[in-house]
Amino acid sequence: AQSVTQLGSHVSVSEGALVLLRCNYSSSVPPYLFWYVQYPNQGLQLLLKYTTGATLVKGINGFEAEFKKSETSFHLTKPSAHMSDAAEYFCAVSGGSNYKLTFGKGTLLTVNP
Amino acid sequence: EADIYQTPRYLVIGTGKKITLECSQTMGHDKMYWYQQDPGMELHLIHYSYGVNSTEKGDLSSESTVSRIRTEHFPLTLESARPSHTSQYLCASSGPGTGSYGYTFGSGTRLTVV
């Protein structure tokens, strides 16, 4: 069985500040990990993913995430927040023969001017 | 550009009406999914399909039904809409093989039943 825990349902940062969205996972097989972003009244868009290889993954819009197996974490970061980053962010996991994604409950990112 | 299309984007309909939400993808993906999402809330899987003539219920019980007669098409039907069905419905698809590819999502249909 797989599960995802996103710590903090709401994160608020100032424009230009560091963005850190936390995601911890549970998986009995080597995981595939994903971050998606959802803007209001839109579907989900893939930000980045980890499958194998390099544990630091770079995505779109300046975001990156690091897979830490020992901590079962896949936190999303961006050095400098922009107003356009305000959105809902979802972490997800799949793995092995289970190709269905298990999503976290989401974290709403607010960026203050 | 979108490779998975949902229509309509917004729908306001009266109680008791039958509705069909359309979802089509042009990527040849074998697996398709329907999620229900209330504003600002988590995603709930309500239906999925592994291929033509294959449909399964998801984690959240839903009064809706789905069909998969063609690979590219995965419509969702509500026989008699109720206000409790008011929500956003998201369609997604994924390709063959392992789960390393993730999902591609449509833009969603926001349904309001009055």
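Predicted model only: the values in this text are computed from it and were never measured.

Definitions and cut-offs
- Residues numbered from 1 in each chain as written.
- Chains lettered and ligands numbered in written order.
- Predicted model: local features only at pLDDT ≥ 70, side-chain atom pairs only at ≥ 80, totals over all residues.
- Heavy atoms only, no water.
- Disulfide = S-S within 2.5 Å.
- Helix = DSSP H or I, 4+ residues; strand = E, 2+ residues; numbered from the N terminus.
- Buried < 20%, exposed > 50% of the residue type's maximum accessible area, 1.4 Å probe, protein only.
- Pairing = 2+ DSSP bridges.
- Salt bridge = Lys/Arg side-chain N within 4 Å of Asp/Glu carboxyl O.
- pLDDT = per-residue confidence, 0-100.
- Contact = heavy atoms within 4.5 Å.

Chemist: Talk me through the state of the cysteines; I want residue IDs and the actual numbers.
Modeler: Per the counting criterion, the structure on display carries 2 disulfides over all chains. Between the sulfur atoms of Cys-23 of chain A and its disulfide partner Cys-91 of chain A the distance amounts to 2.0 Å. What sets the handedness of the Cys-23 of chain A and Cys-91 of chain A disulfide is the S-S torsion sign, and at about -65 degrees it is left-handed. Here Cys-23 of chain A, found in strand β3 (residues 19-26), pairs with Cys-91 of chain A, found in strand β9 (residues 87-95); they are 68 residues apart in sequence, far enough to count as distant. Judged by its relative accessible area of 0%, Cys-23 of chain A is buried. For Cys-91 of chain A, a relative accessible area of 0% corresponds to the buried category. Two residues, Cys-23 of chain B and Cys-91 of chain B, share a disulfide whose sulfurs are 1.9 Å apart. With the S-S bond torsion at -75 degrees, the cross-link from Cys-23 of chain B to Cys-91 of chain B turns out left-handed. Here Cys-23 of chain B is found in strand β3 (residues 19-25), whereas its partner Cys-91 of chain B is found in strand β9 (residues 87-94), with 68 residues between them in sequence. When sorted by exposure, Cys-23 of chain B lands in the same class as Cys-91 of chain B, which is buried.

Chemist: Before we move on, can you summarise the sheet that holds strand β8 (residues 76-78) of chain B with the specific residues and values?
Modeler: Residues and elements named next belong to chain B. In space, the 4 strands of this open sheet follow the order β1-β3-β8-β7, with antiparallel pairing throughout. Two strands lie at the open edges of the sheet, namely β1 (4-7) and β7 (65-66), each paired on one side alone. Relative to β3, β1 runs antiparallel, the two being bridged by 4 bridges. Bridge pairing in β3 places Tyr-5 opposite Ser-24.

Chemist: Can you break down the pattern of salt bridges residue by residue, with the values?
Modeler: Side chains that differ in charge, positive against negative, can pair when their charged atoms come close. Residue and element names in this part refer to chain B. Overall, the coordinates contain 6 salt bridges over all chains when judged by the stated rule. Residues Glu-63 and Arg-82 are paired through a salt bridge, measuring 2.7 Å at the closest nitrogen-oxygen approach. Placement of the pair is Glu-63 in the loop between β6 (54-57) and β7 and Arg-82 in the loop between β8 and β9, with a sequence separation of 19 residues. Relative accessible area serves as the criterion here: at 47%, Glu-63 is assigned to the partly exposed category. Looking at Arg-82, the relative accessible area reads 38%, which means it is partly exposed. Glu-72 serves as the salt-bridge partner of Arg-70, at 3.0 Å between the closest nitrogen and oxygen.

Chemist: Residue-level account of the confidence of the model for chain A, with values.
Modeler: Averaged over every residue, the pLDDT of chain A is 93; the share at 70 or more is 98%. The secondary-structure element of chain A with the lowest mean pLDDT is strand β10 (residues 98-103) of chain A, recorded at 82, while strand β8 (residues 73-78) of chain A shows the highest, at 98.

Chemist: Please provide a residue-by-residue account of the side chain of Gln-36 of chain B, values included.
Modeler: Residues and elements named next belong to chain B. One can find Gln-36 in strand β4 (residues 31-37). Overall, the relative accessible area of 14% leaves Gln-36 in the buried class. Setting aside its immediate chain neighbours within four residues, Gln-36 contacts Glu-42, Leu-43, His-44, Ile-46, Leu-60, Ser-87, Gln-88 and Tyr-89.

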